[in-house]
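# A structural walkthrough
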Amino acid sequence: MNVLHVASELAPLIKTGGLGDVTGALSKALAAQGHAVRVLVPAYRSLSRQGLARTEIVVTAPFGAQDVRVRVWSGLLPGTEVIVHALDAPEAFDRDGLYQDPARGTDYPDNLARFSLFCRAVLAAMPHLDWRPDVVHAHDWHAALVCAHLAWGEARSMPAWQGMPTVLTVHNLAYQGLFPAAQGAQTGLPSAARGQGGVGFRGQVNCLKGGLLSADRLTTVSPTYAREIQTAEFGCGLDAVLRRRAEDLTGILNGIDVDVWNPATDSHLAARYAAEDPAGKAACKRALQHELGLPERPDLLIGMVQRLVEQKGVDLLLAALAELMAVPVQLVVLGSGAASYEAQLQAAARHHPDRVAVRLGFDEALAHQIEAGADAFLMPSRFEPCGLNQMYSMRYGTVPIVRRVGGLADTVVDLTPATLDAGTATGIVFDAYTPVALVAAVARATAAFARPARWRRLMHHGMTRDFSWTQAAGAYARVYEQARTRQAVAP
Ligand code: ADP
Ligand code: GLC
């Protein structure tokens, strides 16, 4: 099947979070299963152009009130058969940040114009690429308007696009692409599609909602999150829309790229190791302590690598920190995000220089070193559509301590006498979003860590689980087949 992905991120070329990991690894896995896969991304300033070449294909598309020229860059995703087309529109994408101005920490005010341009440029450029997809797979709100245009816009009747099936994946319902209704015309959608039956939402434009209503099939990134988002608690205002489309919505658990995240071959590490011989992990722990200026202690070393945003439970960590310092642990945090979280974490590191180390910024190598060097990995998320780091952790013999939400609930098996005996226990899972529950979970981890034979079994169970993309890629292929047999939804 010919599969066209439309996405804002694509690892290893451009990534701010799990979205990039997933589009990169999923397209690679689909290609390995024999599908012809292409991915269209914006040519951000920070996009690595490794393997891409400038082509002579140039299309014109509206960017707010003006028309701009969009040049296509093409090439192969490194190490794969996946063809990448980057859409180069400097007016919209040649900027320091992807979504926000890093100097101000606020979203770019013209994001609707930017991502409307991206989606319309996708529709304009594809017919020049001598290739027709059998299905278009859009990811998150940045690409959702492609589905809306194909169902409701002029593209619907263009020969290149007629009858094109679409699939939309929700990686995170909290990001919807919300803009003032007055900007609605910038989407380029006909006015009927800008009302309540389309992108209109409580007096605003909601790009994701447009995709949720117009795509032939919907997926999200774990079975538990697929259920959660149909409830008021997790639905971010769109639960009613999702309930209406419940029959078309599938939760497909993300895999991980087991070539990139492999402790036996990882070139970022001080030593390499595997489930059968985990000895090198101790050297990774020492190297990490040394790198971050922490004393070499035998205590449980807890790692965290994440965007520092409300979703990830940073407030919970901060509220629990004083009590956590009463437990014999060291804590290493790598992340960037909200300025107030960054400042509070740095203050904690200053107060506890031998226990807490914080690195702000985005650092791929250090992320790998933390996965390998930490004993445990903490994810106290408020909500988590899937989460990848808990799977990286298990593969690196680093025991995850997670809250029972979304994909965390679907991937980590809590340590109990029964699960330990059955050989299924892989981590520590807690329920309440409270400092007390977080501290109790860490205390359970330190108790298990104090019994080395028990801890080794936990590590081994995690390290030998299959988190590859093989199954998930097959599940997506089935969803594509279902999309091809359906009719589009009218606004
Ligand atoms: P989300 O997509 O919500 O951020 P995921 O767990 O799905 O969460 O994916 C996060 C990805 O981004 C992981 O690959 C993680 O290692 C990476 N990541 C997040 N923050 C950083 C950082 N500061 N430096 C390096 N990698 C990071
Ligand atoms: C989102 C979610 C995360 C998920 C990732 C990839 O960013 O927050 O839980 O793993 O997308 O699907």
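Residues numbered from 1 in each chain as written. Chains lettered and ligands numbered in written order. Predicted model: local features only at pLDDT ≥ 70, side-chain atom pairs only at ≥ 80, totals over all residues. Heavy atoms only, no water.

## Overview of the site of ligand 1
Where we set the bar: Throughout, the term near means that a residue has one or more heavy atoms lying within 4 Å of the molecule or strand in question. Whenever a nitrogen or oxygen atom comes within 3.5 Å of another N or O atom, the pair is scored as a polar contact, on the condition that within protein one atom can donate a hydrogen and the other can accept it, and that pairs from neighbouring residues in sequence are kept only if both atoms are in side chains. Shrake-Rupley sampling with a 1.4 Å probe provides the accessible areas, and residues are treated as covered by the protein chains on show and by no other component. The secondary structure listing takes helices from DSSP runs of H or I that are at least 4 residues long and strands from runs of E that are at least 2 residues long, numbered from the N terminus. Throughout, the ten residues Ala, Val, Leu, Ile, Met, Phe, Trp, Tyr, Cys and Pro are labelled nonpolar, Asp, Glu, Lys and Arg are labelled charged, and all others, Gly among them, are labelled polar.
Around ligand 1 sit 20 residues in total, of which Gly18, Asp21, Arg307, Lys312 and Gly361 are the nearest. Here an oxygen atom of ligand 1 sits 2.6 Å away from a polar atom, N or O, in the main chain of Gly18. Against a free-state accessible area of 560 Å², the protein chains account for coverage of 93% of ligand 1. Of all the secondary-structure elements, those providing two or more residues to the shell around ligand 1 are α1 (18-32), β15 (300-308), β16 (329-337) and α12 (389-395). By residue class, the composition of the shell around ligand 1 is six nonpolar, eight polar and six charged.

## Quick word on the domain arrangement of the protein
What counts here: Domain borders in the structure are assigned automatically or taken from a domain database. Residue contacts are defined here by distance: any two heavy atoms, one from each residue, within 4.5 Å place the two residues in contact. A 1.4 Å probe defines the accessible area here, and the buried area is the portion of it lost by two parts on being joined, summed over both. Salt bridge, as used here: a side-chain nitrogen of Lys or Arg that lies within 4 Å of a carboxyl oxygen of Asp or Glu.
Taken as a whole, the protein is organised into domain 1 (2-255 + 470-483) and domain 2 (280-463). The C-alpha centroid of domain 2 is placed 32 Å from the C-alpha centroid of domain 1. Contacts between domain 1 and domain 2 engage 19 residues on the former and 18 residues on the latter. Counting the surface lost from both domain 1 and domain 2, the interface buries some 1,300 Å², and carbon and sulfur atoms represent 60% of this. The largest contributions to the domain 1 side of the interface with domain 2 come from Lys15, Thr224 and Leu253, which together make up 26% of the buried area. Glu364 is the partner of Lys15 in a salt bridge, and the nearest nitrogen-oxygen pair spans 3.6 Å.

## Notes on the packing of aromatic side chains
Rules: Stacked, edge-to-face and tilted labels apply to pairs of Phe, Tyr and Trp rings (six-membered ring for Trp) whose centres lie within 6.5 Å, assigned for plane angles under 30 degrees, over 60, and everything in between, in that order. Only protein chains enter the accessibility calculation, which uses a 1.4 Å probe; a residue is then buried when its area is under 20% of its type maximum, exposed when over 50%, and partly exposed in between. Lysine and arginine charges are scored as sitting over a ring when NZ or CZ, respectively, is within 6 Å of the ring centre and within 35 degrees of the ring normal.
Overall, the coordinates contain ten aromatic pairs when judged by the stated rule. Residues Phe93 and Phe118 carry aromatic rings whose centres are separated by 6.5 Å and whose planes lie at 85° to one another, so their mutual orientation is edge-to-face. In this pair, Phe93 sits in helix α2 (residues 90-93) while Phe118 sits in helix α3 (residues 111-125), placing the two residues 25 residues apart along the sequence. Across the pair, Phe118 and Phe93 agree in class, each one buried. Grouping aromatic residues by their ring pairs yields a cluster made of Tyr44, Phe93, Tyr99, Phe115, Phe118, Trp141 and Phe179. Of note, Arg49 hangs over the ring of Trp73, and the distance from its end group to the ring centre comes to 4.4 Å. The residue whose ring lies beneath Arg95 is Tyr108, and the NZ or CZ to ring-centre distance is 4.9 Å.

## Remarks on the packing of helix α9 (residues 314-324) against helix α15 (residues 435-449)
The condition that has to hold: The axes used here are C-alpha line fits, helices contributing only the stretch in contact, and every angle between their N-to-C directions lies in the interval 0 to 180 degrees. Oblique is the label for any angle not covered by the other classes, which are roughly parallel (under 35 degrees), roughly antiparallel (over 145) and roughly perpendicular (65 to 115). For any helix crossing, the convention is left-handed if the near helix is rotated counterclockwise from the far helix by under a right angle, and right-handed if that rotation is clockwise.
In contact at an axis separation of 9 Å, α9 and α15 are set at 55° when each is read in the N-to-C sense. In terms of orientation, α9 lies oblique with respect to α15. Between α9 and α15 lies a crossing of right-handed hand. Between α9 and α15, the residues in contact are Leu316, Leu317, Ala319, Ala320, Glu323 and Leu324 and Pro435, Leu438, Val439 and Val442, respectively. Residues that form the contact of α9 with α15 fall into these classes: nine nonpolar, no polar and one charged.

## Considering the environment of Tyr433
Within the element layout of this structure, Tyr433 appears in the loop between β20 (428-430) and α15. Setting aside anything within four residues of it in sequence, one finds Tyr433 in contact with Glu310, Gly313, Asp315, Leu316, Pro380, Ser381, Arg382 and Arg403. Polar side-chain contacts of Tyr433 include one of 3.5 Å to the side chain of Arg382.

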